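Chains, contacts and geometry: an overview
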Amino acid sequence: MVSITATVRRVGAGERQIPSEELVVGDIVTLFVGDIVPADCKLLESRDRRILVVVATPEV
């Protein structure tokens, strides 16, 4: 299994990399070209945004 990390900014903690499982409400996630979006997010700001949407569902 691949562990997805996220670059987040938290009040009083600055910017750092954390496992996506540790994201909480209020985290500000910074995305760069080629990043996987680690969770449901609200887009606050973007420049030249292009999105490739791929839905992966496990087959049972």
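Rules of the game
Residues numbered from 1 in each chain as written. Predicted model: local features only at pLDDT ≥ 70, side-chain atom pairs only at ≥ 80, totals over all residues. Heavy atoms only, no water. Helix = DSSP H or I, 4+ residues; strand = E, 2+ residues; numbered from the N terminus. Buried < 20%, exposed > 50% of the residue type's maximum accessible area, 1.4 Å probe, protein only. Contact = heavy atoms within 4.5 Å. Patch = residues over 30% accessible without salt bridge, like charges linked within 9 Å, V, L, I, M, F, W, Y side chains within 5 Å. Areas by Shrake-Rupley, 256 points an atom, 1.4 Å probe, with all protein chains shown as cover. Salt bridge = Lys/Arg side-chain N within 4 Å of Asp/Glu carboxyl O. pLDDT = per-residue confidence, 0-100. Polar contact = N/O pair within 3.5 Å; in protein donor to acceptor, adjacent residues only side chain to side chain.

A word on the overall build of the chain. Along its length, the chain carries zero helices and three strands. Starting at the N terminus and walking to the C terminus, you meet the elements of the chain as β-β-β. The buried share of the chain, taken over its 60 residues, is 13%. The long-range share in the chain, meaning contacts at least 24 apart out of those at least 6 apart in sequence, stands at 8%.

On the surface, I51, V53 and V55 cluster together to form a nonpolar patch covering roughly 360 Å² of accessible area. Here V55 is to be found in the segment after β3 (28–30).

Looking now at the environment of L31. Structurally, the position occupied by L31 is in the segment after β3. Given a relative accessible area of 43%, L31 falls into the partly exposed group. Between the C-alpha atoms of L31 and A6, which are 25 residues apart in sequence, the distance is 8.1 Å. Not counting the four nearest positions on each side in its chain, L31 is found in contact with I36, V37 and P38.

Attention now goes to the confidence of the model for the chain. For the chain, per-residue confidence averages 82 on the pLDDT scale, and 88% of positions sit at 70 or higher. The secondary structure element of the chain with the lowest average pLDDT is β3, at 89, and the one with the highest is strand β2 (residues 14–19), at 91.

Our next topic: the environment of T5. Position of T5 among the secondary structure elements: in strand β1 (residues 5–10). Those residues within four positions of T5 in sequence are excluded, and the remaining contacts are Q17, I18, P19 and S20. At a separation of 2.9 Å, a polar atom in the side chain of T5 contacts the side chain of Q17.

Considering all chains together, one arrives at one salt bridge under this definition. R10 is paired through a salt bridge with D27; the nearest N and O atoms lie 2.7 Å apart. Taken as a pair, R10 in strand β1 and D27 in the loop between β2 and β3 lie far apart in primary sequence, 17 residues in all.

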